[in-house]
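# An overview of the molecular structure
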Amino acid sequence: MTTPSASATASPSPPGPGPGSSSAPARRRGHRAAAEARAGLLLSLPFVLLFAVFIAWPVLQSMFMSFTDMRISDIRSPFAVDFVGLDNYIAAFEDPVFRRSAVNTGVFVLIGVPLTITAGLAAALALDRGVTRLRGVFRVGFYTPVVTSIVAVAVVWRFLLRPDNGLVNTVLGWVGIDGPNWLGDERTALLSLIVMAVWRNFGTSMVIFLAGLQAVDQQLHEAAALDGASAWQRFLNVTLPSIRPTMLFVMVTTSIGYLQFFEEPFVMTQGGPLHATISASMYTYNQFGFGNYGVAGAMAYLTFIVIGIVTLAQFRLMREK
Amino acid sequence: MIDRRRPVLTYIVLTAFLLLVITPFVWMILGSLKTQGELLRVPPTWLPEEPTLDNFRRLFDRPFGRYFQNSAVVAIAVTVGNLFFSSMFGYALAHLHFPFKRVLFLLVLGCLMIPGLVTFIPQYVLIVNLGLADTIPALILPFLVQPFSVFLMRQFFLGLPRELLEAGRIDGVGEIAIFFRIYLPLAGPAFATLGILTFLGSWNNFLWPLVVSSSESTYTLPVALALISTGQNQTDYGLLLAGATLIVLPILVVFLFFQRYFIQGIATSGIK
């Protein structure tokens, strides 16, 4: 233990300049500020340079590209292209497949986001309050799909969902249900992908909710219970308001993820059957594959705009409540 | 507070749920040990009747060792780069005053919201024009700096006392040396979290390598697996399941050892 006097002698004298001795310390301080600024810039430089080249510049070029007729043949001279104004954006809106992909993406978001959040929150609540033993086992188990490669997931799920001897239809057969060709049928393909996405992603929201639930005031909970509030009432009136920032975060990040829904349809169905599972991001990628860089750029920016609007709306909604 | 029946019910529901969640993994590993004939049987078998490593052997008849090595090299390089560049910039943002600091921070933060597809084509154009298409550096360069990493490191350094900086100055340590000799050695926990998340992201990265790589010498595991799974010939389920197991197993083992950091990383990024 240091005594107060010892620590006082070890600490520097207060920086305020004494009367008549202002110039030398002031110069030293100016020198130090310059050294600090130099160090700050030097430490930032490597990141900022790479960031400018590989992220900021592509963002700008993407916007430029979306107003031009750039195609794959222009790849060596990306700026020797003609401006076409809003043509690419108009073409996107007039393309029936893009409209279909936008509707599909809407369905992914509207069903996938609530399911993911509900499953994540339910698991977090059960682990936070209902369970003390084995909590780690459940937590790790539920989180496992999150760390798994989508390509591996696709291989396994395609195998599980096989119409003839897939595990899912085998189990359904035990209870006398004749399972459909999940991925091959227009009516079930989208649903199958959503279920798979929820399976893969709810662990992330669970973990964030688990962290958020630590902010809930247990005394408030107990007081409400003493007053005769049911578990459901306590959840609505105590738990939910306390985790509102967490809820907002999970809503925003999950929505952004589902609005960019890409990997699941790409590796599972290639968007089929008959465009039943094609998403806006996947169709954008297809346009890139066809070499239509201008159109793909416009579609990517449309997605970005929608993401921005949805995010802002969620911030508004959660704040006003 | 919670009545006595509820925990039992909770355990039952959670256990059922857990079985649902991990069944695909169990099915994958069991399947990778079965023969093609057994994999196609109706109804399917649970345990492999004659467990065999033949699928894995056939996997390594192809250059899967090479793919594995590519995946590992790329993931390690991306991780090291992220830790290095983000910690320097994050520290500067947290503790130093310098020109354009606010602008730079807002720019980087703004890019957190931009979907990957927006930058995808220009990045591809850039890589082609740099003459790097179908090379290992093309798989690394665009991921060396990530806005999220800076955000995480900045938050971490903000949590370290500024007094260390003052003390270093009094002892005459140079401004840059203060970062490398005083703050960096304290960054272990943040490095563990960020390192695991970045490594995982890179290991599982799929779309970019799929587009940029066009020859066996640069394929990563996910790309190689995707390409055999869309092959022309009749689907070789045994090979696919063995490949899937090969991608998932190393990550799963690492995850089980370091799950605290994995989960902490996600949780941390959520709270702040």
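Residue numbers run consecutively from 1 along every chain, following the written order of its sequence. Lettering of chains starts at A and numbering of ligands starts at 1, both following the order in which they are written. The predicted nature of this model means local features are confined to residues of pLDDT at least 70 and side-chain atom pairs, given and counted, to a pLDDT of 80 or more, with totals for whole chains, interfaces and linings taken over all residues. Water and hydrogen atoms were dropped before computing side-chain values, which therefore reflect all heavy atoms in the structure.

### Comments concerning the confidence of the model for chain A
The predictor attaches a confidence to each residue, and that confidence, scored 0 to 100, is pLDDT. Per-residue confidence for chain A gives a mean pLDDT of 87, with 91% of residues at or over 70. In the predicted structure, residues 1–21 of chain A sits below a pLDDT of 50 and forms four contacts with residues beyond four places in sequence or in another chain. The contact criterion used is simple: two residues touch if any of their non-hydrogen atoms lie within 4.5 Å.

### Brief notes about a nonpolar patch on the surface
Residue and element names in this part refer to chain B. Taken together, the side chains of I29, L249, V253, V254, F257, F258 and Y261 define a hydrophobic patch exposed on the protein surface, amounting to about 620 Å² of accessible area. A helix here means a DSSP run of H or I that spans at least four residues, while a strand means a run of E at least two residues long, and both kinds are numbered starting from the N terminus. Among the elements that make up the nonpolar patch, the one with the highest residue count is helix α14 (residues 237–271) (six residues). Within the secondary structure, L249 sits in helix α14. Per-residue accessibility, obtained with a 1.4 Å probe over protein chains only, is compared with the maximum for each type, and a residue is labelled buried under 20%, exposed over 50%, and partly exposed between these values. With a relative accessible area of 38%, L249 lands in the partly exposed category. A patch consists of residues whose relative accessible area exceeds 30% and which take part in no salt bridge; residues with like charges are grouped when within 9 Å of each other, and nonpolar side chains (Val, Leu, Ile, Met, Phe, Trp, Tyr) when within 5 Å. Values of accessible area rely on a 1.4 Å probe in the Shrake-Rupley scheme; residue burial ignores everything except the protein chains shown. In what follows, salt bridge is the name for a side-chain nitrogen of Lys or Arg lying within 4 Å of a carboxyl oxygen of Asp or Glu.

### A few points about the packing of aromatic side chains
For any pair of aromatic rings, geometry is given as the distance between the ring centres together with the angle between the planes. Side-chain rings of Phe, Tyr and Trp (the six-membered ring for Trp) are treated as a pair once their centres are within 6.5 Å; stacked means planes under 30 degrees apart, edge-to-face means over 60, and tilted covers the remaining angles. Going through the model one piece at a time under the given rule, you end up with 44 aromatic pairs over all chains. On the numbers, 5.0 Å between centres and 20 degrees between planes, the contact of F262 of chain A with F266 of chain A is stacked. Owing to a relative accessible area of 8%, F262 of chain A belongs among the buried residues under this scheme. Each residue in the set F262, F266, Y285, F288 and Y293 of chain A together with F120, Y124, F143, F206 and W208 of chain B is aromatic and connected to the rest through ring pairs, giving one cluster.

### A short note on the UniProt feature "domain: ABC transmembrane type-1" (unreviewed entry) in chain A
UniProt positions are given in the numbering used here, feature names are shortened, and annotations may be inferred rather than shown by experiment. Per the UniProt record, "domain: ABC transmembrane type-1" (unreviewed entry) is annotated on residues 102–314 of chain A. Secondary structure over residues 102–314 of chain A splits into 76% helix and 0% strand, and the C-alpha atoms at its two ends are 20 Å apart.

### A short note on the UniProt feature "transmembrane region" (unreviewed entry) in chain A
UniProt marks residues 37–60, 107–128, 140–160, 189–213, 243–261 and 293–315 of chain A with the feature "transmembrane region" (unreviewed entry), using the numbering shown here. With 100% helix and 0% strand, residues 107–128 of chain A has end C-alpha atoms that lie 31 Å from one another.

### With respect to helix α10 (residues 175–183) of chain B
Turning to α10 of chain B, its buried residues are E175, I178, F179 and Y183 of chain B. Along the axis of α10 of chain B, the buried residues cluster in a sector spanning 95 degrees; they form a single face. Arc, as used here, means the arc of the directions from the helix axis to the C-beta atoms.

### Some points on the environment of T254 of chain A
All names here are of chain A. Following the sequence through the fold, T254 ends up in helix α11 (residues 244–259). Between the alpha carbons of T254 and I309 there is a distance of 15 Å; along the sequence they are 55 residues apart. Apart from residues lying up to four places away in sequence, T254 is in contact with V113, T116 and I117.

### Observations regarding the packing of helix α13 (residues 280–290) of chain A against helix α6 (residues 116–129) of chain B
All axes are obtained by fitting lines to C-alpha atoms, using only the stretch in contact for helices, and the reported angles, taken between N-to-C directions, cover 0 to 180 degrees. Where α13 of chain A meets α6 of chain B, the closest approach of the two axes is 11 Å, and the angle between their N-to-C directions is 15 degrees. In this view, α13 of chain A runs roughly parallel relative to α6 of chain B, as classed from their interaxial angle. Classified by chirality, the crossing of α6 of chain B by α13 of chain A is right-handed. Counting all contacts with α13 of chain A, which are made through S281, T284, Y285 and F288 of chain A, the residues of α6 of chain B involved are L117, F120, I121 and Y124 of chain B. Roughly parallel covers angles under 35 degrees, roughly antiparallel covers those over 145, roughly perpendicular covers 65 to 115, and oblique covers all other angles. It is the rotation of the near helix from the far one that decides the hand of a crossing: anticlockwise by less than a right angle makes it left-handed, clockwise makes it right-handed.

### Considerations on the UniProt feature "transmembrane region" (unreviewed entry) in chain B
Residues and elements named next belong to chain B. According to UniProt, the feature "transmembrane region" (unreviewed entry) maps to residues 9–30, 67–91, 103–124, 136–157, 178–200 and 237–258 in the numbering used here. Regarding residues 136–157, the helix share stands at 73% and the strand share at 0%, and the terminal C-alpha atoms are separated by 32 Å. As annotated, residues 178–200 comprises 83% helix and 0% strand, and the C-alpha atoms at either end are separated by 31 Å.

### Examining the interface of chain A and chain B
Each partner contributes residues to the interface: chain A has 91 residues there, and chain B has 98 residues. Contact with chain B buries area across many residues of chain A, yet L43, F47 and F54 of chain A alone supply 10% of it, more than any other trio. Here chain A and chain B share one salt bridge between them. The partner of E36 of chain A in a salt bridge is R169 of chain B, and the shortest N-O contact between them spans 2.9 Å. If you tally residues by element for the side of chain A that touches chain B, the top one is helix α2 (residues 23–66) of chain A, at 23 residues. Buried area counts how much accessible surface, traced with a 1.4 Å probe, disappears from two parts once they are put together, with both parts' losses summed.

### Re helix α5 (residues 101–110) of chain B
Helical geometry note: an α-helix holds 3.6 residues per turn, so side chains three or four residues apart project in the same direction. Residues and elements named next belong to chain B. Those residues of α5 that fall on the buried side of the exposure criterion are K101, L104, F105 and V108. Projected down its long axis, α5 carries its buried residues within an arc of 95 degrees, all on one side. Exposed positions of α5 whose direction lies more than 90 degrees from the buried face are R102 and V103.

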